[in-house]
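Structural description and commentary
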Amino acid sequence: MKLLKLFCIPIIFMLIACSPTSKHNSSYSGNDNFTPVPMLHANGITIEHNSSNDSRISIINPWKKDANLCSFTLSDNNESTPNNAITRPLKRVIVYSTVHANIIKELGHLSAIKGVCDPQYFTIPEIIEGVYNGSIVNVGSSASPNIERIIALSPDAVIVSPYQDSQFKDIEKLGITVVQCADYMETSPLGRAEWIKLFGELFGEQEKADSIYNNVLTEYNQLKQLAAQSQHKTKVLSENIINGTWYVPGGDSYMAQLFADAGGAYAWSDVHTTGSIPLDMAQVLEKSHDADVWLIKSLESSFSYTKLKVQNALNAEFKAFKQKNIYFCDTERTTLYQDFPFHPELLLKEYIAIFNPQLLPDYNTQYYKPLLDE
């Protein structure tokens, strides 16, 4: 990522920057007898504790084998903080994503968010109001944040959603820790949700984070067992063609896992990739023309069967279109993207109610609604 070049800016922060190559924070000078915290489903993060109650965090690079995106150490001791460790709870942070802001809110530390990138994509009312009244600073685009505003905020850390080969050197060289949350690269819903433990470490809410995750785990597994009671596997089609390309979730993605756990049969479950699969209309029709249910997410609130057919006449050839069994999620008006990464049980319940409504007869969907005719 190219950021504005800095000239002669003093190093005004005393925090350690994440290193994209080091396995751990080698400059740590406290009790180095760390032991790992067991992770049940997450593969992209390691958390270690020592007898002084310090925590060492390593976020694994999902695009480069045997490398880390960043590593840093956290300490509870305000008066004798180990060399180059971050004192927790973090009290001043900049957040790039509404997903991570929402989990900070759930842990009770929303007031620690002093700045955000791309505020137009945040759906948390307190964040929207804060940006409007100036109590939360808009630090610009995540692709090119305003370095001067970041300096003025003097944050304890900047919490970002990295992508392959993304760079944050202009922030790191200020001495600011960049916490690179690659949670979205996890291959299972429960793996991604387990990253709440990272936020528990950052804000000194380890017990609360563990409790939230354990509740998620319990409810998710109970719902999965409920879905398994159905003998019928609902054939499911996802998304929609945009500008000639139809992107469907890969068979190893957490969305494909959600479909399976909800009792769905997914046509691309045997395509072993965690990313999206680009297809044309003919390829989608060939493999999923007989899908029982069609799920569409879009920012366009005026979606309808008529509009779908106008966009592409072949949309009317799908079984789900003919039987009026399309479900639509308006991602601008719902909190789907904000909620489900750390609470996959909510989306699992939604899918079960759509795929096999007899299993949850009293449940009213909150994200997806039956698509209407104009």
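A short tour of the structure in this document, coming up. (Residues numbered from 1 in each chain as written. Predicted model: local features only at pLDDT ≥ 70, side-chain atom pairs only at ≥ 80, totals over all residues. Heavy atoms only, no water.)

**Focus: the packing of helix α7 (residues 206-227) against helix α13 (residues 344-355)**
Any two packed helices are characterised by how steeply their axes cross, that is the angle between the axes, and by the distance between the axes. We apply this condition: Fitting a line to C-alpha atoms yields each axis, with helices limited to the stretch in contact; the angle taken between N-to-C directions then spans 0 to 180 degrees. Labels follow the DSSP assignment, with helices taken as runs of H or I lasting at least four residues and strands as runs of E lasting at least two, numbered in each case from the N terminus. Any angle between 65 and 115 degrees counts as roughly perpendicular, while under 35 counts as roughly parallel, over 145 as roughly antiparallel, and the rest as oblique. By convention the crossing between two helices is left-handed if the near helix lies anticlockwise of the far one by an angle smaller than a right angle, and right-handed if it lies clockwise. For this analysis, residues touch if any pair of their heavy atoms sits within 4.5 Å.
Between α7 and α13, the least distance of the axes is 9 Å, while the angle of their chain directions is 15°. Relative to α13, the element α7 lies roughly parallel. Crossing handedness for the pair α7 and α13: left-handed. Residues Val216, Glu219, Tyr220, Leu223, Lys224 and Ala227 of α7 lie in contact with α13, whose contacting residues are Pro344, Glu345, Leu348, Lys349 and Ile352.

**Some details on the environment of Cys181**
Rule in force here: Only protein chains enter the accessibility calculation, which uses a 1.4 Å probe. A residue is then buried if its area is under 20% of the maximum for its type, exposed if over 50%, and partly exposed in between.
By the element assignment, Cys181 lies in the loop between β12 (177-180) and α5 (189-193). Residue classification places Cys181 among the buried positions, given a relative accessible area of 0%. Along the backbone, Cys181 and Phe199 are 18 residues apart, and their C-alpha atoms lie at a distance of 10.0 Å. The residues touching Cys181, leaving out its near neighbours within four places in the chain, are His100, Ile159, Val160, Ser161, Pro162, Trp195, Leu198 and Phe199.

**Topic: unusual backbone geometry**
In the segment running from Arg88 into Pro89, the intervening peptide bond is cis, with an omega of 0°. Along the polypeptide, Pro89 turns up in the loop between β5 (86-87) and β6 (93-95). If you check the backbone angles, Asn53 has positive phi at about 70° while not being a glycine. Under the relative-accessibility criterion, Asn53 is labelled partly exposed at 40%.

**Remarks on the pattern of salt bridges**
Selection rule: Should a side-chain nitrogen of Lys or Arg be within 4 Å of a carboxyl oxygen of Asp or Glu, the pair is scored as a salt bridge.
For the coordinates displayed, the defined rule picks out 13 salt bridges. Measuring nitrogen to oxygen at the nearest pair gives 2.4 Å for the salt bridge that ties Arg88 to Asp76. Residue Arg88 is located in the loop between β5 and β6, and its partner Asp76 is located in the loop between β4 (68-75) and β5; the two are separated by 12 residues in the primary sequence. Judged by relative accessible area, Arg88 falls into the buried class, the value being 2%. Lys297 is the salt-bridge partner of Glu239, the closest N and O atoms lying 2.5 Å from each other. Residue Glu239 is found in the loop between β13 (234-238) and β14 (241-242), and its partner Lys297 is found in strand β18 (residues 293-298); the two are separated by 58 residues along the sequence. Accessibility expressed as a relative area gives 15% for Glu239, which makes it buried. When salt bridges that share partners are traced, they join Asp76, Arg88 and Glu201 into one network.

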